[in-house]
Amino acid sequence: MIPSVLPTYNRAPLQFVKGEGAWLIEADGRRFLDLGAGIAVNALGHAHPALVEALTNQAQNLWHVSNLYQIPQQQALADKLVAHSFADTVFFTNSGTESCELAVKMARKYFYDKGQPERVEIITFEGSFHGRSSAGIAAAGSEKMTKGFGPLLPGFVHLPWNDHDAVAAAIDEKTAAILIEPVQGEGGIRPLPDACLKGLRDLCDEHGILLILDEVQCGVGRTGKLFAHEWAGVEPDIMMVAKGIGGGFPLGAVLATEEAASGMTAGTHGSTYGGNPLGCAVGCAVMDTVADPDFLAEVNRKAGLLRQKLEGLVASHPEVFEEVRGSGLMLGLKCKAANMDVVSAGYDNALITVPAADNVIRLLPPLNLTDDDIAEACLRLEKAAAQVSAA
Ligand SMILES: *Cc1c(COP(=O)(O)O)cnc(C)c1O
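Residues numbered from 1 in each chain as written. Predicted model: local features only at pLDDT ≥ 70, side-chain atom pairs only at ≥ 80, totals over all residues. Heavy atoms only, no water.

Chemist: Explain the domain arrangement of the protein to me, using residue names and the numbers behind them.
Modeler: Taken as a whole, the protein is organised into domain 1 (16-34 + 293-390) and domain 2 (50-290). Relative to domain 2, the C-alpha centre of domain 1 lies at a distance of 27 Å. Facing the 20 residues of domain 1 at the interface are 21 residues of domain 2. When the two sides are added together, the surface that domain 1 and domain 2 hide from each other amounts to roughly 1,600 Å², 60% of it contributed by carbon and sulfur. (Domains from an automatic or database assignment. Contact = heavy atoms within 4.5 Å. Buried area = accessible area lost by both parts, 1.4 Å probe.)

Chemist: Can you lay out the packing of helix H10 (residues 293-316) against helix H12 (residues 371-390) for me, pointing to particular residues and giving the numbers?
Modeler: H12 packs onto H10 with a crossing angle of 20 degrees between their chain directions and a minimal axis gap of 10 Å. Relative to H12, H10 is oriented roughly parallel. When the axes of H10 and H12 are compared, the crossing they make is right-handed. For the pair formed by H10 and H12, the contact residues are Arg301, Lys302, Leu305, Leu306, Lys309, Leu310, Leu313 and Ser316 on the first element and Asp371, Ile374, Ala375, Cys378, Leu381, Glu382 and Ala385 on the second. (Axes fitted to C-alpha atoms, helices over the stretch in contact; angles between N-to-C directions. Helix = DSSP H or I, 4+ residues; strand = E, 2+ residues; numbered from the N terminus. Parallel < 35°, antiparallel > 145°, perpendicular 65-115°, else oblique. Left-handed = near helix turned anticlockwise from the far one by under 90°.)

Chemist: Describe the sheet that holds strand E13 (residues 321-327), listing the residues and the values that go with them.
Modeler: Taking strand neighbours across the sheet as the criterion, the four strands line up as E13-E14-E17-E16 in an open arrangement whose pairing is antiparallel. Edge strands, defined here as strands with exactly one partner in the open sheet, are E13 and strand E16 (354-356). Taking the axes of each pair of neighbouring strands and ignoring which way they run, one obtains an average angle of 30 degrees across the sheet. Sheet topology places strand E14 (residues 330-335) next to strand E17 (residues 360-363); four bridges connect them, and they run antiparallel. Note on E17: the bridge partner recorded for glycine 332 is arginine 362. Lying on the sheet, helix H11 (residues 339-348) is in contact with E13, E14, E16 and E17; it crosses E16 at an angle near 175 degrees. (Pairing = 2+ DSSP bridges.)

Chemist: Explain the site of the ligand to me, and be specific about the residues and the numbers.
Modeler: If you check the shell around the ligand, you find Ser95, Gly96, Thr97, Phe129, His130, Gly131, Glu181, Asp214, Val216, Gln217 and Lys243 and nothing else. The contact in question runs from an oxygen atom of the ligand to an N or O atom on the backbone of glycine 96, over 2.8 Å. Take lysine 243: an N or O atom from its side chain is 2.6 Å from an oxygen atom of the ligand. In the complex, 83% of the free accessible area of the ligand, which totals 380 Å², lies under the protein chains. Among the residues making up the shell around the ligand, the classes are represented as two nonpolar, six polar and three charged. (Near = heavy atom within 4 Å. Polar contact = N/O pair within 3.5 Å; in protein donor to acceptor, adjacent residues only side chain to side chain. Areas by Shrake-Rupley, 256 points an atom, 1.4 Å probe, with all protein chains shown as cover. Nonpolar A, V, L, I, M, F, W, Y, C, P; charged D, E, K, R; others polar.)

Chemist: Lay out the nonpolar core in plain terms, naming residues and giving numbers.
Modeler: Soluble, globular proteins show a tendency: their nonpolar side chains are buried together. Within the largest apolar cluster, 112 residues are counted, with the highest numbers of intra-cluster contacts made by Ile178, Ile238, Leu255 and Leu333. Those residues in contact with leucine 255, other than ones at most four positions away along the chain, are Leu81, Ser85, Phe86, Ala87, Thr89, Val90, Phe227, Asp237, Ile238, Met239 and Val241. One finds Ala40, Val183, Cys218 and Ala228 within the second-largest nonpolar core, a separate group that totals nine residues. (Core = buried A, V, L, I, M, F, W, Y, C linked by side-chain atoms within 4.5 Å. Buried < 20%, exposed > 50% of the residue type's maximum accessible area, 1.4 Å probe, protein only.)

Chemist: Quick one: what's the story with H10, residue by residue and with numbers?
Modeler: With 24 residues, H10 should reach 34 Å at 1.5 Å per residue; the first-to-last C-alpha distance of 35 Å fits that figure. Summarising the contacts, the buried residues of H10 are in contact with helix H9 (277-290), E13, E14, E17 and H12. Two or three places before aspartate 294, at the start of H10, stands the capping residue aspartate 292, its side-chain oxygen 2.8 Å from that residue's backbone nitrogen. (Expected span 1.5 Å × (residues − 1).)

Chemist: Go over the sheet that holds strand E3 (residues 31-34), please, and point to the residues and values.
Modeler: Strand order in this open sheet of four strands is E1-E2-E3-E15, and the pairing throughout is mixed. The sheet terminates laterally at strand E1 (16-20) and strand E15 (351-352), the two strands that pair on one side only. With four bridges connecting them, E1 and strand E2 (residues 23-26) associate as antiparallel partners. From the neighbouring strand, glutamate 20 faces E2, where its bridge partner is tryptophan 23. On the sheet, H12 packs against E2, E3 and E15 and is oriented at approximately 105 degrees with respect to E3.

Chemist: Lay out the environment of proline 191 in plain terms, naming residues and giving numbers.
Modeler: The topology assignment puts proline 191 in strand E9 (residues 190-191). With 10 residues separating them along the chain, proline 191 and glutamate 181 place their C-alpha atoms 8.3 Å apart. Once residues within four sequence positions are removed from consideration, proline 191 is found in contact with Trp161, Pro182, Val183 and Gly326.

Chemist: Give me the state of the cysteines: which residues, what numbers.
Modeler: Enumeration according to the criterion identifies zero disulfides in this entry. Cysteine cysteine 280 shares no disulfide, and the gap to the nearest cysteine sulfur, in cysteine 284, comes to 6.6 Å. Taking the relative accessible area as the measure of exposure, cysteine 280 reaches 0% and is therefore buried. (Disulfide = S-S within 2.5 Å.)

Chemist: How would you sum up helix H8 (residues 194-207)? Please name residues and give values.
Modeler: In a regular helix each residue adds 1.5 Å, so 14 residues correspond to 20 Å; H8 covers 20 Å between its end C-alpha atoms and thus fits that length. Restricting attention to buried positions, one finds in H8 the residues Leu197, Gly199, Leu200, Arg201, Leu203 and Cys204. Contact partners of the buried residues in H8: helix H7 (164-170), strand E7 (175-180) and strand E10 (210-214). Of the residues flanking the end of H8, it is glycine 208, one or two places downstream, whose phi is positive at about 65 degrees.

Written out as structure tokens, the structure reads:
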């Protein structure tokens with residue numbers, strides 16, 4: 001008999017009842033150290049006082065009105081995002097995959113309005129992940145996500161990861177945009193080298209096409225800059241955001257330049273929930289914390305500390321791990337043992353990590369975890385590794 005919850009997930013037998021900072025408390029009372037943060041969502045950990053305050057204050061006043069009316073919290077969050085990024089304008093969604101939908105529509109509409117309606121194709125990359133909507137699965141293109149779901153949204157060209165010549169050769173008169181994650185998340189924490197991102201920007205400029213960045217996982221302070229592309233010193237035309245921006249409240253956004261967004265006039269796109277007062281009140285509190293340069297400096301310091309300890313862990317357990325990869329607090333341990341065995345051994349030691357493709361385990365801790373949390377995380381990882389190598 002089918003379970004009452006549609007069985008599309010492989011869930012671990014863990015049930016958390018409370019969260020505090022980087023810690024999750026299981027129904028049986030065990031305290032788990034959370035290096036997953038709900039897949040890079042709980043950017044400020046669990047029950048952060050500023051987020052709880054923003055949410056409860058807003059909840060006592062007004063939750064939802066729809067986009068038929070002015071929403072000052074939405075205006076405030078858009079202003080903050082514009083002030084701290086390349087973007088001139090923002091559309092709010094409720095998830096990453098909805099941000100993907102709009103990014104694709106926006107790029108196509110841009111060329112349609114410019115009198116180049118044949119420019120509909122979007123170049124994407126092997127190993128990418130852009131969500132589970134029809135545009136998202138067609139964009140990523142892997143059989144795992146697309147098989148059995150009938151005709152896919154056309155207009156995506158899939159290329160190998162990290163092959164500049166293949167991109168240069170693929171651009172033609174039908175190309176509208178290049179869509180890429182600056183650091184692949186689900187694909188196994190694969191950072192795109194800065195020079196490659198610069199190269200893609202140059203190709204876009206040369207051909208007059210748009211660069212769309214998917215910063216759903218790597219954005220909002222995760223890599224130690226507010227947005228990951230800042231490391232490469234280049235700017236996109238359109239950017240997808242979600243996950244960390246809501247700190248646990250379902251919130252996403254598409255950021256764009258005035259030029260790229262020029263086709264999106266009144267009536268061309270919409271969302272019932274997108275940018276509602278509750279979500280945006282929380283988003284503002286997240287931005288007020290994460291966009292602070294002192295906060296980002298701390299993310300970088302902690303990332304350095306964690307990474308150094310992880311290098312030591314890999315060196316002392318070459319039978320379990322191959323390498324550390326990633327950027328900031330978006331780190332991956334490429335495993336030699338099966339990655340799920342390492343994740344499970346983590347659970348046995350009350351430690352949460354997240355598996356990814358390419359036999360990687362992801363460490364995506366709350367950005368404000370403490371130095372003590374980092375030390376404890378490494379002790380638990382060490383125990384988990386010892387358990388895997390003894391098995
Ligand atoms: C999680 C993720 C998405 C999809 O976000 P949802 O909120 O699950 O729809 C898209 N792109 C990237 C890079 C992601 O990590």
